[in-house]
Every structure is written in structure tokens, then in C-alpha cells.
Amino acid sequence: MPPGHFSALPGTSGAGPAFSALPVWVRPLATHDSLSVAMATAVGGLWGRCFPRVWLCRRAGPCGDRYYRAALCTELKQPLAIEEVAPRPVRPHEVRVDVHFCGVNFADILVCRGQYQERPHLPFTPGMEFSGTVLEIGKDVSTVKEGDGVIGVSDFHSMAEEYIADQKALWQIPERVPLREAATLPVSYGTAIMALEHRACTQPGETVLVTAAAGATGLAVIDVATNVLQAKVIAAAGSDEKCKLAMQRGAQSSVNYRQGSLKEAVRKLLGSGGVDVVVDTVGGHVFLEALRSLAWEGRIVVVGFSGGTIASVPANLLLLKNISAMGVYWGRYRDQNFPVFSRSLSSALQYCQQGRIQPHIGAVFKLEEVNDAFLHIIERKSMGKVLISLK
């Protein structure tokens, strides 16, 4: 086997491992300094604080084949590499997309640590959502055409200059919605819409408490709850700066939960009544404080555990207030209930086209800065959506 050649690379679409049997040529990039030096200094046992910026010149491959760049996880808990990958042909039901922007999510970091529900085989490319334009379609594709702007979702693998998707995993972007803003919609707004509309059945005038409110999903929850559902929002975040941003984005009040009890702060705002809906992405003690802040027949929606601790639910609290505790694993709906999954994305695109939501982009990194983008999230510096620009 020649150097730089991998005999198997996970498929670039939701179609599964069929791609893994196809040979993939990979050319590692050169860096200004030794990458091993950058890896040596870890943050939270994951990535170093200092990364040499990586550069790559696109070159023609054997027999004139072309290559595209992709971020590759070749070893868990180590920085990603940017490498050249040879494209494969599209199958009849597939679409080749020229990726412009890829969202960076906490799940991307977890999967590169081997701590996510799904564990792709090494080496793999992270990236769960993207926007771009259609380059090529298979002979059976009828939903999009070459040149169309699209957003898409993937079982990771989309943090690359090109991505091949099943046509069912793409949604056409309406006119007047830029590719940059469209890239923020799938995971964050899909999750927010699923949590608020489908699971919690949030009604106009109800009060919603959202934790990690300045994160991408938190700001999406504020946006949808306030501007689409006409609910009132209490934003809970870990710093005054983040609380200020949440207020600017539409929350009626905010709580810095690093400065005291979240439950007591909510009580001061609302009295003994409590909130109607909680959307929690933090877990741990923040989840428990939020749970105790619910009103009679309140609903708490578990979205994630960015705090690193999974709390146990005190069942007596559910009983005493007739509380409903539920989860949203948004990506799972694609397999279990695709119409509901698709509707969440269609709604996000429609709300954006209508001007009812205004996605907030906190930072944009180049592909060669992908490790800096991960570190930006790990160090809790991100406010709003973090994107990788492939152009």
C-alpha cells in the first residue's frame, strides 16, 4: 500500500458504508512546524493551545485526477489534519455539492474524542451540516439541479470542500437567503424548532427558560420562541457578556447562573409560578435547577450535556407538579420520523426567508483553522454559530 493511501474511508453520505470499499488517495499537508509539537500541549486532554496553521496546495493526482481538501480525524483525541482526498463518482440517487460553509457543533468535538453516540470508523471527516451549491447530480435525482443552493445534513463527513449526499438529505435554499446564513440553520434551528414546537408544544405567551443561551442552539431557541411562537424567554448563561447578547437577541430577561442559584433567580423574576418550558443543553446541576424552576404542568426538554455531567431526574418532582421531562435527539428523527425531521428544516428555511428569524454567526474560520475553531468552542468562547468557510 503506497504512503498516504487509506483503503477505507467512511462514506460521504447517509447512504452508509458502501463508499468504504472504494480506494481513497490522501495527501497529507505540510506544516510550518512539526504537528506533533502542537499536539503535545493538550486542553482538557484534547487539543493543544497552539496550532501551526496548515497549508495545502491542490495538485492533480494520478492520471489527471483532481483532489479536494477535507478535515480528517485520523486518531481520536488528537488535532485534525487537512488532507487531499480524491472524489468518487456519484450514484444515481446522489448529489455532489460544492460546500461553501460547514457548521461546527459540540457533537463534532465529541465524535473526534470517541464520546458521541455515533462512532465512525477511523479515519473520518467530521461535520454534520453544510451549505453549498450543486455541482453534479445522479441520473435519478429529481429534487435539485446543478447550480441550486442547498443545505444538508450528514452522519458527519461534511467538513470538506465537496460532499456527496443522498438527494433526500438536501433542502433547496430559497431566494434571498445567503449561503452563510443558511449554514446556521440545520442543527441549531432544527433542534430549536423540534424542541419548542414538536416536543414542548410551546404556546404564545408562555415563558421559556433556555440554558447556555448564548450558544448556537440557545440563540436559536430565543429566536424561534420570541419571534415565531410569541413566547417570553428567560436566558440563562455563564457570563454577563453572554447574558447581554441573549438580551440583544430577544430574551426578555437573563440570569448568570455562575453568580448564584438559577432556581432562586427565576423565582425573583416570576414569583412562585415558574416557567412553562425549559430547553436545557447543559445538564448537571444546571438541569436540576431548571427542573425545579418549572411551573405546574411544565415541560423540560433535554437537548445535550455540554457541562459534561448527566443528571438523574428526581421522579418525585415530576409527580408533584405533573411535569413532563423529554428529550430531543434531533438527528435521530431522520431515521425514525423523516416527515417531522424534514418539516423542522423546511420551517427553518421558511422562517429565514420571511425574515422572522435572524441567525447569529459568532465566528467564521477557514478550513485550515479547524483546530482553532474546535478550541474556540472548547474554551467556551463561542457565542452564536461557529462556521468553517471552505471558500
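Draft legend 1. Expanded view of the pattern of salt bridges. Within the structure shown, the criterion is met by 16 salt bridges. The residue glutamate 94 makes a salt bridge to arginine 88 at a minimum N-O spacing of 3.1 Å. Note on accessibility: glutamate 94 and arginine 88 belong to one class, buried. Across the pair glutamate 379 and lysine 381 runs a salt bridge whose closest N-O atoms are separated by 3.1 Å. Here the salt bridges share partners, and the residues they tie into one network are Arg66, Arg96, Glu136 and Glu162.

Draft legend 2. A look at the sheet that holds strand E17 (residues 324-327). Read from one edge of the open sheet, six strands run E14-E13-E12-E15-E16-E17, paired in parallel fashion. Whereas interior strands pair on both sides, the edge strands pair on one side only; in this sheet they are strand E14 (253-256) and E17. Neighbour to neighbour, the strand axes of the sheet diverge by 20° on average, direction disregarded. With five bridges connecting them, strand E15 (residues 275-280) and strand E16 (residues 294-302) associate as parallel partners. When the bridges of E16 are listed, valine 275 appears paired with leucine 294. Sitting on the sheet, helix H5 (residues 216-227) touches strand E12 (207-210), strand E13 (232-237) and E15, and the angle it makes with E12 is about 170°.

Draft legend 3. Representation of the environment of glycine 283. Within the element layout of this structure, glycine 283 appears in the loop between E15 and helix H8 (284-291). Put simply, glycine 283 and glycine 308 are 25 residues apart on the chain and 7.3 Å apart in space, counted from C-alpha to C-alpha. Setting aside its immediate chain neighbours within four residues, glycine 283 contacts Gly304, Phe305 and Thr309.

Parameters at a glance
- Residues numbered from 1 in each chain as written.
- Predicted model: local features only at pLDDT ≥ 70, side-chain atom pairs only at ≥ 80, totals over all residues.
- Heavy atoms only, no water.
- Salt bridge = Lys/Arg side-chain N within 4 Å of Asp/Glu carboxyl O.
- Buried < 20%, exposed > 50% of the residue type's maximum accessible area, 1.4 Å probe, protein only.
- Pairing = 2+ DSSP bridges.
- Helix = DSSP H or I, 4+ residues; strand = E, 2+ residues; numbered from the N terminus.
- Axes fitted to C-alpha atoms, helices over the stretch in contact; angles between N-to-C directions.
- Contact = heavy atoms within 4.5 Å.

By themselves, these are just geometric observations and shouldn't be taken as functional.
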